[in-house]
Amino acid sequence: GESVGLHLPTLSVQEGDNSIINCAYSNSASDYFIWYKQESGKGPQFIIDIRSNMDKRQGQRVTVLLNKTVKHLSLQIAATQPGDSAVYFCAEKGGNTPLVFGKGTRLSVIA
Amino acid sequence: DGGITQSPKYLFRKEGQNVTLSCEQNLNHDAMYWYRQDPGQGLRLIYYSQIVNDFQKGDIAEGYSVSREKKESFPLTVTSAQKNPTAFYLCASSIETGRGGYTFGSGTRLTVV
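The rules behind these values
- Residues numbered from 1 in each chain as written.
- Chains lettered and ligands numbered in written order.
- Predicted model: local features only at pLDDT ≥ 70, side-chain atom pairs only at ≥ 80, totals over all residues.
- Heavy atoms only, no water.
- Contact = heavy atoms within 4.5 Å.
- Buried area = accessible area lost by both parts, 1.4 Å probe.
- Salt bridge = Lys/Arg side-chain N within 4 Å of Asp/Glu carboxyl O.
- Polar contact = N/O pair within 3.5 Å; in protein donor to acceptor, adjacent residues only side chain to side chain.
- Helix = DSSP H or I, 4+ residues; strand = E, 2+ residues; numbered from the N terminus.
- Nonpolar A, V, L, I, M, F, W, Y, C, P; charged D, E, K, R; others polar.
- Pairing = 2+ DSSP bridges.
- Axes fitted to C-alpha atoms, helices over the stretch in contact; angles between N-to-C directions.
- Disulfide = S-S within 2.5 Å.
- Buried < 20%, exposed > 50% of the residue type's maximum accessible area, 1.4 Å probe, protein only.
- Phe/Tyr/Trp six-rings, centres within 6.5 Å; stacked < 30°, edge-to-face > 60°.

Time to look at the interface of chain A and chain B. In this assembly, 26 residues from chain A lie in contact with 24 residues from chain B. Summed over both sides, the interface of chain A with chain B buries roughly 1800 Å², with 54% coming from carbon and sulfur. One can count zero salt bridges joining chain A with chain B. At the boundary of chain A and chain B, one finds seven residue pairs in polar contact (both at pLDDT 80 or more). Within the residue set of the side of chain A that touches chain B, elements represented by two or more residues are strand 3 (32–38) and strand 8 (86–93) of chain A. The element that contributes the greatest number of residues to the side of chain A that touches chain B is strand 3 of chain A, accounting for four residues. Of the residues contributing to the side of chain A that touches chain B, the split by class is 11 nonpolar, 10 polar and five charged.

See below:
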């Protein structure tokens, strides 16, 4: 498969544990944030998004937290499963500008 | 099924050649994008288009060209002026540039031989 991010930060978690992936964004004017999941050899898939007027948003097994004061975004995955192993990207945008992506974090789930 | 299709999945180019990567979507999205992905780095924006017959340079447009003659299609040409073209290229689309998340294709891996 495609090598996506040979030198990315890696988070290793035990199957069944919760995972927390962090992202620092750069633009204080950004008002929309997205988390994507990318498996090897594939394009990124949308996981969850959040607008700047919110601090927290929950989906199925995932929660995104936004701290605008320190420009920090996190993705929490509950009960991590082997299928969650992938590279995770945060992305930000403000107004009518395209998404800007972070460098990504590789999540490795230990069975 | 609605989606975004990139072809080919793997592409090999000789030094000095131009190659064109295809991207087609049937989602009726107005905006389309090309990103480049290298190991250890995130996605970097090459070009984007908000409407037909209009496109803007992204952060790393040098050595690339695009066209947007149809809403459904946004081909990317990697020219011989691109000094380091070996990378994974991702195409995406969205309803509008300022709205919503992007739907990505499955990517094209370009290798210079």
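Our next topic: the environment of Leu90 of chain B. Secondary-structure assignment places Leu90 of chain B in strand 9 (residues 87–94). Separated by 32 residues in the primary sequence, Leu90 of chain B and Gly58 of chain B have C-alpha atoms spaced 14 Å apart.

Paired through backbone hydrogen bonds, the strands of a sheet run either parallel or antiparallel to each other. All names here are of chain A. The strand order across the open sheet formed by four strands is 2-7-6-5, and the pairing between neighbours is antiparallel. In the strand order of this sheet, the two ends are held by strand 2 (19–24) and strand 5 (56–58), each with one partner. On average, each strand axis in the sheet is inclined to that of its neighbour by 15°, with strand direction left out of account. Summarising the sheet, strand 6 (residues 62–67) and strand 7 (residues 72–77) pair through six bridges and their orientation is antiparallel. Looking across to strand 7, one finds that Asn67 is bridged to His72.

This brings us to the sheet that holds strand 3 (residues 19–25) of chain B. Residue and element names in this part refer to chain B. Taken in spatial order, the four strands of this open sheet run 1-3-8-7, and their pairing is antiparallel. Because the sheet does not close on itself, it has two edges, and the strands there are strand 1 (4–7) and strand 7 (64–66). Looking at each pair of strands side by side, their axes are set apart by 20° on average, direction ignored.

Residues and elements named next belong to chain B. Following the criterion strictly, the structure yields two disulfides over all chains and no others. Here Cys23 pairs with Cys91 through a disulfide, and the sulfurs are 1.9 Å apart. An S-S torsion of about -75° defines the bridge between Cys23 and Cys91 as left-handed. Of this pair, Cys23 sits in strand 3 while Cys91 sits in strand 9, placing them 68 residues apart in sequence. By the burial criterion, Cys23 is buried, and Cys91 matches it.

One pass over the structure, following the stated rule, counts eight salt bridges over all chains. Ionic pairing is found between Asp84 of chain A and Arg61 of chain A, a salt bridge with its closest N-O pair at 2.9 Å. Of this pair, Asp84 of chain A sits in the loop between strand 7 and strand 8 while Arg61 of chain A sits in the loop between strand 5 and strand 6, placing them 23 residues apart in sequence. Relative accessible area serves as the criterion here: at 30%, Arg61 of chain A is assigned to the partly exposed category. Between Arg36 of chain B and Asp38 of chain B there is a salt bridge, with the nearest N and O atoms lying 2.8 Å from each other. Accessibility assignment for this pair places Arg36 of chain B and Asp38 of chain B in one class, buried. The network of salt bridges with common partners includes Lys37, Glu39 and Lys42 of chain A.

Applying the stated criterion to the full structure yields 12 aromatic pairs over all chains. Ring centres of Tyr33 of chain B and Tyr48 of chain B lie 6.3 Å apart, and the angle between their planes is 20°; on these two criteria the pair is classed as stacked. You can see Tyr33 of chain B sitting in strand 4 (residues 31–37) and its partner Tyr48 of chain B sitting in strand 5 (residues 43–51), a full 15 residues away along the chain. We note that Tyr33 of chain B, like Tyr48 of chain B, is buried. Residues Tyr64 of chain B and Tyr89 of chain B carry aromatic rings whose centres are separated by 5.9 Å and whose planes lie at 65° to one another, so their mutual orientation is edge-to-face. Of this pair, Tyr64 of chain B sits in strand 7 while Tyr89 of chain B sits in strand 9; the two residues are 25 residues apart in sequence, bridging distant segments of the chain. Residues Tyr64 of chain B and Tyr89 of chain B agree in their burial class; the two are buried. Grouping aromatic residues by their ring pairs yields a cluster made of Tyr36, Phe46 and Phe101 of chain A together with Tyr33, Tyr35, Tyr48, Tyr102 and Phe104 of chain B.

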